[in-house]
Amino acid sequence: MEKELTRNGEAIIRRSDEEIHEEAQANMWKFVFGFTEMAVIKCAIELGIADFLEKNQHQHVTLNQLSTSLACCSSSLYRILRFLINRGIFKETSTKYGEIGYVQTPLSRLLVKEGRNSMAAFLLFESSPVMLAPWHNLSACISSKDNNTPPFDAAHKRDIWKYAEVDSEHNNLLNSAMACDARITVSAIVNDYPKIFDGVKTIVDVGGGNGTTLRSLVEAFPWINGINFDLPHVVSVAPHANGMEQLLDHWWRLSLGLMELILISLMLSLLLLMLMVLYMLVVTCLTMFPKLMLLSSCGFCMIGEMKNAYKS
């Protein structure tokens, strides 16, 4: 690495080709192992490290306490913690007995599963095999002649909503992930723009998922009546809350009402068809009746003449 001075006296650092190549290699190694951060954070969420530290936030938890409580290998857990601490997730401290202890950080508190501002569900959702499959299929999707098919649809042969309808585990992950975003967004709206809800009596959230957005609004503004409108398999697992209408019954009533209307319409159509057939039969009979009478009269006359001729 060499420094050169310009006319203004500013230093320009010129790097050799070897240094540029070494930096490129270092960056490539980052790309090769770029998935590890998501994988290790997912591991921490599934083990419940942040949850345990949050419950014991008034003390420095040792590695032995943590591994015993989580029922996992202490040496492996230590490596996980060292990796996360290096990235600002969790912090290493010393206990009053001189042992190494672990405490929460603002970043690790976002991994508490039941935390109000938790992002744990969102990370679990995006790191799930179902959501990673489209990324593994990305090149095939781009090289396909049918570029109108989204990568998720190409990987799973159906869109994300239909997939959630038949896979309850994925449906729960999806709803929980959307709830993470809703808690953060709605909190900002409620705190910064509360006056926009003055005079509002009813809010209908179309595609409201498990109702997190409406519950937050109803809790902040009790005079609002919330109506959560979503697909039956979504609303059926949505938790109940005061001030909110559960739309599963309304949904099925609407569906049943539509079915009844369709059934009545079919019955009326069938009845109309029968009446039309009956009408055509009547018209045909009335049209043919005079001709039949004329043929009958001619037949009787011919028979009479034949009898007279025979007698003579």
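Residues numbered from 1 in each chain as written. Predicted model: local features only at pLDDT ≥ 70, side-chain atom pairs only at ≥ 80, totals over all residues. Heavy atoms only, no water.

J.: Mind showing me how you'd approach the pairing of strand β6 (residues 202-206) here?
T.: Residues in a regular strand point their side chains to alternate faces of the sheet. Where burial is concerned, the two faces of β6 differ: the one with I203 and D205 is buried and the one with T202, V204 and V206 is not. Here β6 runs beside strand β7 (residues 225-229); their pairing, made up of 5 bridges, is parallel. The partner of T202 across the bridge, within β7, is N225. The β-α-β motif built from β6, the intervening helix α12 (residues 212-220) and the parallel element β7 has right-handed crossover chirality. (Buried < 20%, exposed > 50% of the residue type's maximum accessible area, 1.4 Å probe, protein only. Helix = DSSP H or I, 4+ residues; strand = E, 2+ residues; numbered from the N terminus. Pairing = 2+ DSSP bridges. Right-handed = clockwise from strand over helix to strand, strands pointing away.)

J.: Got a minute to help me understand the nonpolar core in this structure?
T.: Formed by 21 residues in total, the largest nonpolar core has its most connected members in I49, L53, L66, L81, L84 and F90. Of all elements in the fold, only α2 (35-47), α3 (49-55), α4 (63-70) and α5 (74-85) reach the threshold of two or more residues within this core. Apart from residues lying up to four places away in sequence, L84 is in contact with V40, I41, A44, I89 and F90. Residues F125, M131, A164 and L174 belong to the second largest nonpolar core, which totals 9 residues. (Core = buried A, V, L, I, M, F, W, Y, C linked by side-chain atoms within 4.5 Å. Contact = heavy atoms within 4.5 Å.)

J.: What am I meant to see in the environment of F229 here?
T.: Examined against the element boundaries, F229 turns out to sit in strand β7. Each C-alpha atom of the pair F229 and G209 lies 8.0 Å from the other, and the pair is 20 residues apart in sequence.

J.: Is there a simple way to think about the packing of α2 against α5 in this case?
T.: Helix packing geometry: the angle between the two helix axes and the distance between the axes. Two elements in contact, α2 and α5, have axes whose closest approach is 10 Å; the angle formed by their N-to-C orientations is 120°. Classified by the angle between their axes, α2 and α5 sit oblique to one another. Where α2 crosses over α5, the handedness of that crossing is left-handed. Here α2 contributes T36, E37, V40, I41, C43, A44 and L47 to the contact with α5, which in turn contributes L77, I80, F83 and L84. Partitioning the contact of α2 with α5 into residue classes produces 9 nonpolar, 1 polar and 1 charged. (Axes fitted to C-alpha atoms, helices over the stretch in contact; angles between N-to-C directions. Parallel < 35°, antiparallel > 145°, perpendicular 65-115°, else oblique. Left-handed = near helix turned anticlockwise from the far one by under 90°. Nonpolar A, V, L, I, M, F, W, Y, C, P; charged D, E, K, R; others polar.)

J.: Please clarify how the sheet that holds strand β5 (residues 100-103) should be interpreted in this entry.
T.: Across a sheet, strands are paired by hydrogen bonds formed along the backbone, either parallel or antiparallel in direction. One open sheet accounts for 3 strands, arranged β3-β5-β4; its pairing is antiparallel. The sheet terminates laterally at β3 (61-62) and β4 (91-94), the two strands that pair on one side only.

J.: How do you make sense of α5 when you look at a structure like this?
T.: For an α-helix, 3.6 residues make a turn, and residues three or four places apart therefore share a direction. The end-to-end C-alpha distance of α5, which contains 12 residues, comes to 16 Å, matching closely the 16 Å that a straight helix rising 1.5 Å per residue would cover. Looking at the buried side of α5, the elements it contacts are α2, α3, α4 and β5. (Expected span 1.5 Å × (residues − 1).)

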